[in-house]
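# Topology and contacts: notes
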Amino acid sequence: MEHNKKISFDGFLGRLSEALGLASTATILFMMIISSTGFYFRTLRLSLSGVTEGIEFILLIGIFLGFPLVEYRRKHIKMELLTPIFPVWLKNATSLLNNFLALVFFSALMYGGTLSTITAYTTGEYEVGLQSVPLWVVRAFIPIGSFAVILASIGNFVKDIRSINKKEREGLNKI
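So, here is what we can say about the structure in this document. (Residues numbered from 1 in each chain as written. Predicted model: local features only at pLDDT ≥ 70, side-chain atom pairs only at ≥ 80, totals over all residues. Heavy atoms only, no water.)

### Structural notes on a nonpolar patch on the surface
A contiguous nonpolar patch, built from Ile7, Phe9, Phe12, Ile154 and Val158 and spanning about 440 Å² of accessible area, is present on the exposed surface. Elements represented by at least two residues in the nonpolar patch include exactly helix H1 (9–43) and helix H5 (141–174). Tracing the backbone through its elements, the reader meets Phe12 in helix H1. Among the residues examined, Phe12 registers a relative accessible area of 42% and is labelled partly exposed. (Patch = residues over 30% accessible without salt bridge, like charges linked within 9 Å, V, L, I, M, F, W, Y side chains within 5 Å. Areas by Shrake-Rupley, 256 points an atom, 1.4 Å probe, with all protein chains shown as cover. Salt bridge = Lys/Arg side-chain N within 4 Å of Asp/Glu carboxyl O. Helix = DSSP H or I, 4+ residues; strand = E, 2+ residues; numbered from the N terminus. Buried < 20%, exposed > 50% of the residue type's maximum accessible area, 1.4 Å probe, protein only.)

See the structure below:
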């Protein structure tokens, strides 16, 4: 007997953002290991090249892998100074505007990141301090993370529209 379990788009987005969030956490741990190793090598007066460049690369990767989880859970930095006194329709509008602006911003980042990655790949660009790491590998995480944020923004946009429609239908049923 075949067990066919369908995963919803929201479930897929949740799993994807959680996985990327875990990968982002792993990069932070990896940065701590590299930083500690570099520190101990310096205290022993030994040379270890590429520590700073490696941390810079891993930081970029970690940031772009963490963005989708932040967007999916809507845990980005915000200041709720006026929104608590907004009417419901304006709260809904600001949520939709937030999702739209995230789509625009991360689409631009994905486009620029893709161009930068392609340029680094075609020119064979390498970091000066780390001769063995091609820059296109690191830059590829910009469009990957941006694409995941775009998916999360689309999912949030759809959830917001469904929520607005549900509230409107409940309001009509009360009349």
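### A few points about unusual backbone geometry
Even without glycine at this site, Arg45 takes up a positive phi of about 60°. Relative to the helices and strands, Arg45 is located in the loop between H1 and helix H2 (51–73). By relative accessible area, Arg45 is classed as exposed at 76%. Located in the positive-phi region is Arg74, a residue other than glycine, with phi close to 55°. Here Arg74 falls in the partly exposed class, since its relative accessible area comes to 24%.

### Points about the packing of aromatic side chains
For the structure on display, the rule yields five aromatic pairs. Between Phe64 and Phe67 the ring centres are 5.4 Å apart and the planes differ by 85°, which places this aromatic pair in the edge-to-face class. Highlighted residues: Phe64 and Phe67, both in helix H2, separated by three residues, approximately one helical turn. Both rings, one in Phe67 and one in Phe106, keep their centres 5.4 Å apart while their planes meet at 70°; by these two values the pair is edge-to-face. You can see Phe67 sitting in helix H2 and its partner Phe106 sitting in helix H3 (residues 88–123), a full 39 residues away along the chain. What links up through ring pairs into an aromatic cluster is the set Phe64, Phe67, Phe105 and Phe106. (Phe/Tyr/Trp six-rings, centres within 6.5 Å; stacked < 30°, edge-to-face > 60°.)

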